[in-house]
Amino acid sequence: MEENDELNEANNQNSPEGQSEQSAEEGQGQVNDSEVTDGEDQGQDDALTRVTGMYKDWFLDYASYVILERAVPAIEDGFKPVQRRIMHSLKDLDDGRYNKVANVVGHTMQYHPHGDASIADAMVQIGQKDLLIDTQGNWGNILTGDRAAASRYIEARLSKFALEVVFSPKITEWQLSYDGRKKEPVNLPVKFPLLLAQGAEGIAVGLSTKILPHNFIELIDASIKHLKGQRFKLFPDFPTAGIIDVSNYNDGLRGGKIRVRAKIAQQSKSTLIISEIPYGTNTSSLIDSILKANEKGKIKVKKIEDNTAAEVEILVHLPPGISPDKTIDALYAFTACESSISPLGCIIEDNKPLFIGVTEMLRRSTDATVELLRQELEIQLSELEEQWHFASLERIFIENRIYRDIEEEETWEGVIAAIDKGLAPYTKHLRRAVTEEDIVRLTEIRIKRISKFDLDKAQQHLDNLEERIAEVKHHLEHLTDYAIAYFQRLKDTYGEGRERKSEIRLFDDIEATKVVIRNTKLYVNREEGFVGTSLKRDEYVTDCSDIDDIIAFTQDGKMMVFKVDSKTFVGKGIIYVAVFKKKDKRTVYNMIYRDGKGGPTYIKRFNVTSITRDKHYEMGKGKPGTLVHYFSGNPNGEAEVVTVNLRHVGSIKKLRWDIDFADIMIKGRASKGNIVTKYAVKRIDLKEKGLSTLKPRKLWFDETVQRLNMDERGEFLGEFTSEDRLLIVNQTGLVKTVIPELTLHFDEDIVVLEKWIPKKPLSVVYWEGDKELYYVKRFLIEHPDREENVLTDHPKSHLEIFSTDYRPMIEVIYAKKRGQERKENWLVSLEEFISIKGIGAMGNQLTKEKVLEINVLDPLPYEEPEPQKTEDIEVVDEESLGGNASTKADGSTDPKSDKGGDDDDVQTSLFE
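**Examining the confidence of the model for the protein chain**
Residues of the protein chain with pLDDT of at least 70 account for 89%, and the chain-wide mean is 84. In this model residues 1–44 is a low-confidence stretch, pLDDT under 50, and it forms 33 contacts with partners more than four residues away in sequence or in other chains. Counted against residues more than four places away or in other chains, residues 870–912, with its pLDDT under 50, gives 92 contacts.

**Observations concerning the sheet that holds strand β34 (residues 697–702)**
With antiparallel pairing, the three strands of this open sheet are ordered in space as β35-β34-β36. Every interior strand has two partners, whereas the edge strands, β35 (707–709) and β36 (715–720), have only one. Sheet twist, expressed as the mean angle between neighbouring strand axes with direction ignored, is 30 degrees. As paired elements, β34 and β35 share three bridges and run antiparallel to each other. Considered in β35, the bridge of Phe-701 is made with Leu-708.

**Description of empty space enclosed by the protein**
Under the defined criterion, the tally for this structure stands at two cavities of 30 Å³ or more. The calculated volume of the largest cavity comes to roughly 90 Å³. The wall of the largest cavity is formed by 13 residues, among which Ile-75, Pro-193, Leu-194, Leu-195 and Ser-365 lie closest to the centre. Among the elements of the structure, α9 (194–198) and α13 (358–399) are those that each provide at least two residues to the lining of the largest cavity. Grouping the constituent residues of the lining of the largest cavity by class yields nine nonpolar, two polar and two charged.

**Describing the pairing of strand β26 (residues 601–607)**
Most of β26 is tucked away, with seven of its seven residues classed as buried. Side-chain alternation along β26 places Thr-601, Ile-603, Arg-605 and Asn-607 on one buried face and Tyr-602, Lys-604 and Phe-606 on a second face that is also buried. Direction of pairing for strand β25 (residues 588–594) relative to β26: antiparallel, over a ladder of six bridges. Note on β26: the bridge partner recorded for Arg-594 is Thr-601. Following β25, the chain reverses through six residues before pairing antiparallel with β26; Gly-596 in that reversal takes a positive phi of roughly 80 degrees. When β26 meets strand β32 (residues 674–677), the two strands line up antiparallel, connected through three bridges. Along β32, the bridge assignment pairs Tyr-602 with Ile-675. Examined bridge by bridge, β26 and strand β31 (residues 666–668) share three bridges and lie parallel to one another.

**Notes on helix α17 (residues 455–477)**
With 23 residues, α17 extends 33 Å from end C-alpha to end C-alpha; this agrees with the ideal 33 Å at 1.5 Å per step. For α17, the full list of buried residues reads Ala-458, Leu-462, Leu-465, Ile-469, Val-472 and His-475. The elements touched by buried residues of α17 are α13 and α18 (479–494).

**Digging into the packing of aromatic side chains**
By convention here, two paired aromatic rings are described through the distance between centres and the angle between planes. Taken as a whole and assessed by the stated rule, the structure comprises 26 aromatic pairs. Taking 5.8 Å as the distance between ring centres and 80 degrees as the angle between the ring planes, the aromatic pair formed by Tyr-576 and Tyr-589 counts as edge-to-face. Of this pair, Tyr-576 sits in strand β24 (residues 574–580) while Tyr-589 sits in strand β25, and the two are 13 residues apart along the sequence. We note that Tyr-576, like Tyr-589, is buried. One aromatic cluster in this structure is built from Phe-553, Tyr-576, Tyr-589, Phe-606 and Phe-631. For Arg-254, the ring lying beneath its charged end belongs to Phe-355, and the centroid distance is 5.2 Å. Positioned above the aromatic ring of Phe-216 is the side chain of Arg-498, whose terminal nitrogen or guanidinium carbon lies 5.3 Å from the ring centre.

**Brief notes about the pattern of salt bridges**
If you walk through the whole model with that rule in mind, you get 47 salt bridges. Between Asp-595 and Lys-672 there is a salt bridge, with its nearest N and O atoms 3.8 Å apart. Separated by 77 residues along the polypeptide, Asp-595 in the loop between β25 and β26 and Lys-672 in the loop between β31 and β32 bring together distant segments of the chain. The burial state of Asp-595 is the same as that of Lys-672; both residues are buried. Salt bridges sharing partners connect three or more residues here, namely Glu-349, Glu-360, Arg-363 and Arg-364.

**Structural notes on the nonpolar core**
Ranked by internal contacts, the top residues of the largest apolar core, which has 91 residues, are Met-87, Met-123, Leu-132, Phe-161, Phe-192, Ile-258 and Leu-490. It is α13 that provides the largest number of residues to this core, a total of 15 residues. Grouped together as the second largest cluster of nonpolar side chains are 23 residues, Ile-299, Leu-318, Leu-331 and Cys-337 included.

**Thoughts on the side chain of Lys-604**
Considering the arrangement of structural elements, one finds Lys-604 in strand β26. At 2.6 Å, the side chain of Lys-604 and the backbone oxygen of Ser-671 are in polar contact. Residues contacting Lys-604, with those up to four places away along its chain left out, are Tyr-589, Asn-590, Met-591, Tyr-593, Met-619, Phe-661, Ile-664, Arg-669, Ala-670, Ser-671, Lys-672 and Gly-673.

Parameters at a glance
Counting starts from 1 at the beginning of each chain's written sequence and moves along it residue by residue. This being a predicted model, a pLDDT of at least 70 is required before a residue's local features are given, and a value of 80 or more before pairs of side-chain atoms are given or counted; all residues contribute to the totals for chains, interfaces and linings. With hydrogens and water excluded, all non-hydrogen atoms of the structure serve as input to the side-chain values. Values of pLDDT, ranging from 0 to 100, describe the predictor's confidence in every residue of the model. Residue contacts are counted whenever heavy atoms from the two residues lie within 4.5 Å of one another. DSSP bridges decide pairing: two strands pair if at least two such bridges lie between them. Secondary structure is summarised from DSSP: a helix means a run of H or I of at least four residues, a strand means a run of E of at least two, and numbering begins at the N terminus for each. Helix axes are fitted only over the stretch in contact, all axes being lines through C-alpha atoms; the angle between N-to-C directions runs from 0 to 180 degrees. The pocket and cavity definitions rest on a 1 Å grid over protein atoms only: a 1.4 Å probe that fits but cannot leave marks a cavity, an open set with protein on both sides within 12 Å along at least five of seven lines marks a pocket, and residues lining either have an atom within 4 Å of a point. Grid points are joined across faces, edges and corners, and a volume is the space filled by probe spheres set on the points. Each residue gets one label: Ala, Val, Leu, Ile, Met, Phe, Trp, Tyr, Cys and Pro are nonpolar, Asp, Glu, Lys and Arg are charged, and the others, such as Gly, are polar. Only protein chains enter the area calculation, which uses a 1.4 Å probe; residues under 20% of their type maximum are buried, those over 50% are exposed, and those in between are partly exposed. Here a helix's expected span is defined as the number of its residues, less one, multiplied by 1.5 Å. Any two rings among Phe, Tyr and Trp, with Trp reduced to its six-membered ring, count as a pair given centres within 6.5 Å; such a pair is stacked if its planes are under 30 degrees apart, edge-to-face if over 60, and tilted if neither. Lysine and arginine charges are scored as sitting over a ring when NZ or CZ, respectively, is within 6 Å of the ring centre and within 35 degrees of the ring normal. Salt bridges, as used here, are contacts in which a Lys or Arg side-chain nitrogen is within 4 Å of a carboxyl oxygen on Asp or Glu. The definition of a nonpolar core used throughout is a set of buried Ala, Val, Leu, Ile, Met, Phe, Trp, Tyr and Cys residues joined through side-chain atoms within 4.5 Å. We define a polar contact as two N or O atoms separated by no more than 3.5 Å, with the added condition that, inside protein, one atom must be a possible hydrogen donor and the other a possible acceptor, whereas residues neighbouring each other in sequence contribute only through side-chain atom pairs.

Printed below as a string of structure tokens:
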């Protein structure tokens, strides 16, 4: 290692002076002759040197070297040292033709004090970014992860963009290379925010950097906005494309985070296609992560095909019965299809590490570009003025035949003096004084040039120079406008094909428990009180996943929620076991229990929304002898009717009656409930299964994340019961109805998304590609579970209008025929134009005339039938009501309900 060599060299070069200074500091650096014991002359044999002074600064020196010379890029040009030396070597070798990468690597080693492998790897990384290096051969594939061919097989040269933007020798500051034999640039005069365009990543000693790549065109636009004094925002853009959520980007500073997802679409009912992958992954690692998730049972995959070439194409084949929508969410939750990237903006400025955001990086880069342009203009102006000065001198020298004044001179000093004397009368209009170097250049003019001197051409040349000088001066006076024009020219010249690849979108949070495949089976031993996946000889409960939570209730009125395990003890006498869903307000538990030995019997309805895992909760008051007579768990708030049977003891008149759980208010789990009876209960029988007493779910569609939600985000779709479905129509004419689950994914070309009313006719106006005419049809969906296309199979057929109104109206605007008046617009009631037919029917021809456009008008009046009213019970979050209210059948709250189950005095006997 080069660093170890440096340390050894430093060790060998410890000077006597250094040792003596060290001895003075440490107090015991060396033993003198006067300190020799027993009169024996030991000389230099017993000399001692403490090593602390030798290495106490080495780590700091090493850390500084790694930070400044290896890992972190400079803000001035956006390059790490090895990248800068590669670019300098490419410029040295540049002759317009390709060079073997091996030759470039060897040439770079003249400047770079490290091995060829690091140079070759760095050069491949620059080449794969397709900005600075024009590559030829197999340079690897960032999509598949394939490595580049050996450096002796591939070739490279500087791109036109690099030649224009990166190099300007006249304004470059130079330094000696590590061995002093060559000169290399301190920083390259890069006139573009290259660091943000390419990104950078490095790990140094004590710090690291991770600057994400940004879009070429957006960087130029941001630079122009900065020069105009306008605000701008920058977000990453990755070469692997994908979908990104930049809501927590934090300007690329420490603490920010980017979420990156693969682009996954449903190709068919059993096939998913991945067309873009997250940054930092490749198709190989992505497929490996999917296979591992499949092996662990998180997802179920039948087969994976990798057809990636120039573009990503991974086909994921699913087994029958597996939901594609849930699988897409599961791929995001359990595989590399979604990842998080934490940026960290660290750069080198003035030989010091500096932590800044991408906005400040762009400002500094743009300001540096303006300064570089100013320096180039000043040099250009100086050169033009020098050309004008000498061209003017040359004209004076030849036009006034001053060259003849030197014929009689015999010495060089006399020649110089004669020319200087001859020029004197004509130099008043020159912009600077005539120097001896100017006169020497005049003496070097050949006789052939003097004999062919053309005064008109000389004047024209001077005029051109003056125009260019005036132009450069104008640019210097309007430097900001000149810089804006420079950036705009870069965009116009090199921006084609560099549009944004990564789609910016807000992500919805995916709950792993909702999308994981049920990969194991849950069993229960009710008598002994055990629940687990290893109890295969006991009673089967349900399929579950290994990340699910389980809820269980026991005969003595206790509840417990715990993680799925091979075997968990809950308590003897288990009466109910199920998979637990957090924050689930729709699952309602119906319960009738005896409060303690000989106590009264209570009835209650409650839901469980939040718990502490592995903790026993009392569903009653926890008195000894508590016994649950009846219990049921209802995923949609069903309320059954039960029959209470009392023991025949004493003079009880009424031994049997019915109770409808729909009459009981839904409270929290800690509520005590209402009294059923004070007498002993013999048994409770189920008389009648109940319907849901909960109000239908209200659903919204959030176009930002393309998902359904119940959080009132986006467009309201309506209230949905378990029987209701969603109608979905996309631009290609596909029509389907689906059960509205929150895990559904939607295509971006949806034209209709609304609650489906089965008896409501649907109207379509479409262009029939074969007949080349517009057709109209009206139909009802007869097969809700089938996906059907309303268009014909001709490739040119396309959807014009899809209406879900009862009585739609359209306006047909005819095209104007040559030499004729335009035909009046035609108003068409589709209800009268065509009767309801099957979805597969072709429909009726709209018109044979040439149509300019078809517009949708307001529909004709129609009174929708009123839906049947039902007495619904709405679930109310007790915490929002202060924990002192429950919900009645009419939706009102009961202020006298039990407060957290602690109010023993408030009891209601309704059923005796």
